[in-house]
Amino acid sequence: MTVTEFTPWTALGGGLLIGLSALMMLEFNGRIAGISGIVGKLFTARGEDWWWRAAFVLGMLAGAGGYAVLSPDGLNLHIESSMPLMLAAGFLVGLGARLGRGCTSGHGVCGIGRLSARSLSATAIFMSVAALTVFLSRHVLEL
Amino acid sequence: MWSLLLAFLGGAIFALGLVLSQMADPAKVLNFLDVAGHWDPSLMLVMGGALALTVPGFRLILKQPHPLLDGRFHLPQSAEIDADLVWGSILFGIGWGLVGLCPGPAIVGLVSGAQPIFGFMLTMLIGYRLMDYLQIRRGKA
């Protein structure tokens, strides 16, 4: 388990960038910057509805890639979960994001941004369930 | 053309936000969710920073008749808090809590080349498509 320190300024700065991106997408394109929907519908969307999604995902890869190249620490990710756990978790996240129509960005940033009670409920539920999952896996089952 | 450029730029800024805030790092996310352990509250500020812009900003933007580069706003139609929303959020929360990855950070993480992230992305897309299919069959497309 990697111990991480409280990093308020970079967290706030990063949050502002995410908010700025969400504002841009709504102001210019009239779209909600919800990542699960943007990437999930890449398989069914056609025409212009496909192109903006592809451009957004490419932009994400380019932004992260640019940072990885320019920053001395790279992306600095710590992945401690085993492959089987990652596969199971990915499947649940995919099922859940489609069934609940949104994820951390779509509900948590954009939906709450629109003061949607639906998104506020979704965010409260998935945050509590995620915290409970971490509690059980780290402190009870000690996975 | 401009709308595609804006989408690309929006994606890049979003990803930079995830990396700068370290929300792209599963360890950071798990430590945020681990309130009973060595709790790292940083990610509250990520959400706080984003909402500080979207709450007032969306309000102003949605007062316009339409966005600058499109004829209309494409907003979610449903406002109902139904069983699908609750179950979907529960499944999502379990997956998120198991490994500390959600869709945005998973895309960013692909750049690191780490195989487990590619695995997560693959099953995430399979899960999304499977639920899409089931929802269409249930007439809830």
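## A look at the overall build of chain B
- Of the regular secondary structure elements, chain B holds six helices and zero strands.
- For chain B, the sequential pattern of α-helices and β-strands runs α-α-α-α-α-α.
- In terms of overall dimensions, chain B has a C-alpha envelope of 50 × 40 × 30 Å along the principal axes.
- Burial statistics for chain B: of 141 residues in total, 54% are counted as buried.
- In chain B, 39% of the contacts between residues at least 6 apart in sequence involve partners at least 24 apart.

## Concerning the interface of chain A and chain B
- Contacts between the two partners involve 102 residues from chain A, matched on the other side by 109 residues from chain B.
- Looking at the side of chain A that touches chain B, the elements with two or more residues in it are α1 (8-29), α2 (35-40), α3 (48-70), α4 (83-99), α5 (104-113) and α6 (117-140) of chain A.
- With 21 residues, α1(A) is the largest single contributor of residues to the side of chain A that touches chain B.
- Residues belonging to the side of chain A that touches chain B are distributed by class as follows: 61 nonpolar, 32 polar and nine charged.

## So, unusual backbone geometry
All names here are of chain A.
- For asparagine 76, which is not glycine, the phi torsion reads 55° and is therefore positive.
- Taking the number of C-beta atoms within 10 Å as the measure of exposure, asparagine 76 has 15 and is therefore partly exposed.
- With phi around 55°, arginine 101 is a residue other than glycine that occupies positive phi space.

## Side note on helix α5 (residues 103-110) of chain B
- Counting buried residues in α5(B) gives seven out of eight residues, a clear majority hidden from the surface.
- Taken together, the buried positions of α5(B) are occupied by B:Pro103, B:Gly104, B:Pro105, B:Ala106, B:Ile107, B:Val108 and B:Gly109.
- Packed against the buried residues of α5(B) are α2, α3, α4 and α5 of chain A together with α1 (2-20) and α6 (115-137) of chain B.

## Some details on the confidence of the model for chain B
- For chain B, per-residue confidence averages 95 on the pLDDT scale, and residues scoring 70 or more make up 99% of the total.
- Reported for the predicted complex are a pTM of 0.96 and an ipTM of 0.96.

Parameters at a glance
Residues numbered from 1 in each chain as written. Chains lettered and ligands numbered in written order. Predicted model: local features only at pLDDT ≥ 70, side-chain atom pairs only at ≥ 80, totals over all residues. Helix = DSSP H or I, 4+ residues; strand = E, 2+ residues; numbered from the N terminus. Buried ≥ 20, exposed ≤ 12 C-beta atoms within 10 Å, placed from the backbone. Contact = placed C-beta atoms within 7 Å. Nonpolar A, V, L, I, M, F, W, Y, C, P; charged D, E, K, R; others polar. pLDDT = per-residue confidence, 0-100.

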